[in-house]
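Descriptive analysis of the structure
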Amino acid sequence: MRGGTKLDRLNHQKVLFNILSVVSILIIFYALAKNFMIDPEAEGFLSYKTGLKRELNLPVWLNVMYVHVGFACLAMASGLLNFSTINVQNSRKLHRINGYVYVVSVLLVVLTSGYMAPYATGGKVSSMGFNLLNIIWPMITMMALVQIRKKRMISHWNWMIRSYAFCFTNMLIHMITFISERIFGLGYADSYTIGIYAALALLLLIPEVVIRTIHKS
Ligand code: HEM
């Protein structure tokens, strides 16, 4: 598709955006339903936490988890909205305000993650993986912000694709955990640890493929 017309490029971006919208909206509804309605006490997930080094204060952990999930969904929704307004000239103000909603949401997801990380399923190695995520995601998001402050549009767009990928962290961890547990027969906690690191690798890799695909079309 190299050398396609501007119309080809816009159509290609539209298809990618439509796929992203469907997946993101499904994840938002699933995360809200699962964590606030189906299993608000997180009994299923917590049942795998055995032999914790520090005692978990359940009411505090649960409230932190609600804030975490709430802002994760807000980050996902505001990020999606901003990808949709990128080509619309008269929505610049909305894009800007919503962009800050995204950045604050990312910081709150990371802050709450910082509280939960020491109790992570799978122990110390899992905690370290989450702390890596806690450093990388805000750094990438700040890069996106710095680029637009310098009026570098394409670079801002690329860094936002890299940042938005991290909204799929939880989904990817659970998908990889599921494959590792059910197909390869590993225990849940080990599978979860593998899930964290494999998700991190994919979250860094997939956006590069997407960015190259977009710029090729
Ligand atoms: C943006 C999309 C995200 C959603 C929807 C989300 C959702 C959740 C949910 C529902 C839990 C409770 C346990 C479970 O069912 O998995 C959780 C736990 C956790 N999340 Fe997130 N999360 C997201 C992103 C992130 C990111 C980017 C990080 C790290 C920077 C993170 C760090 C954590 C930590 C440390 C825990 C506790 C894990 C444990 O106790 O083993 N999350 N998240």
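The coordinates are above.
This text gives an overview of the structure that appears in the document. (Residues numbered from 1 in each chain as written. Predicted model: local features only at pLDDT ≥ 70, side-chain atom pairs only at ≥ 80, totals over all residues.)

With that settled, consider the packing of helix H3 (residues 58-84) against helix H4 (residues 92-116). Here H3 crosses H4 at 150 degrees, and the two axes come no closer than 8 Å. As judged from the angle between their axes, H3 and H4 are roughly antiparallel. By crossing handedness, the relation of H3 to H4 is classed as left-handed. Of the residues in the contact of H3 with H4, the class split is 16 nonpolar, 10 polar and no charged. (Axes fitted to C-alpha atoms, helices over the stretch in contact; angles between N-to-C directions. Helix = DSSP H or I, 4+ residues; strand = E, 2+ residues; numbered from the N terminus. Parallel < 35°, antiparallel > 145°, perpendicular 65-115°, else oblique. Left-handed = near helix turned anticlockwise from the far one by under 90°. Nonpolar A, V, L, I, M, F, W, Y, C, P; charged D, E, K, R; others polar.)

Moving on to the nonpolar core. Among the nonpolar cores identified, the biggest contains 32 residues, and Ala72 and Ala75 are the most heavily contacted of them. Mapped by element, the contributors of at least two residues to this core are H3, H4, helix H5 (124-149), helix H6 (153-165), helix H7 (169-183) and helix H8 (188-216). Take this core: its biggest share by element is 7 residues, from H3. Not counting residues up to four positions away in its chain, the partners in contact with alanine 75 are Tyr102, Ser105, Val106, Val109 and Cys167. (Core = buried A, V, L, I, M, F, W, Y, C linked by C-beta atoms within 7 Å. Buried ≥ 20, exposed ≤ 12 C-beta atoms within 10 Å, placed from the backbone. Contact = placed C-beta atoms within 7 Å.)

Only a minority of non-glycine residues have a phi that is not negative, and only a minority of peptide bonds are not trans. Of note in the backbone geometry, alanine 42 takes a positive phi value of approximately 55 degrees without being a glycine. Within the secondary structure, alanine 42 is located in the loop between helix H1 (6-38) and helix H2 (43-46). In the Ramachandran plot, lysine 151 falls in the positive-phi region, its phi being about 60 degrees despite a non-glycine side chain. One can find lysine 151 in the loop between H5 and H6. Residue lysine 151 is classed as exposed on the basis of its C-beta count, with 8 C-beta atoms lying within 10 Å.

Moving on to H3. For H3, built from 27 residues, the straight-helix expectation of 39 Å at 1.5 Å per residue is met to within 8% by its first-to-last C-alpha distance of 39 Å. Where the residues of H3 are buried, they touch H1, H4 and H6. (Expected span 1.5 Å × (residues − 1).)

Taken by themselves, the reported measurements are silent on function.
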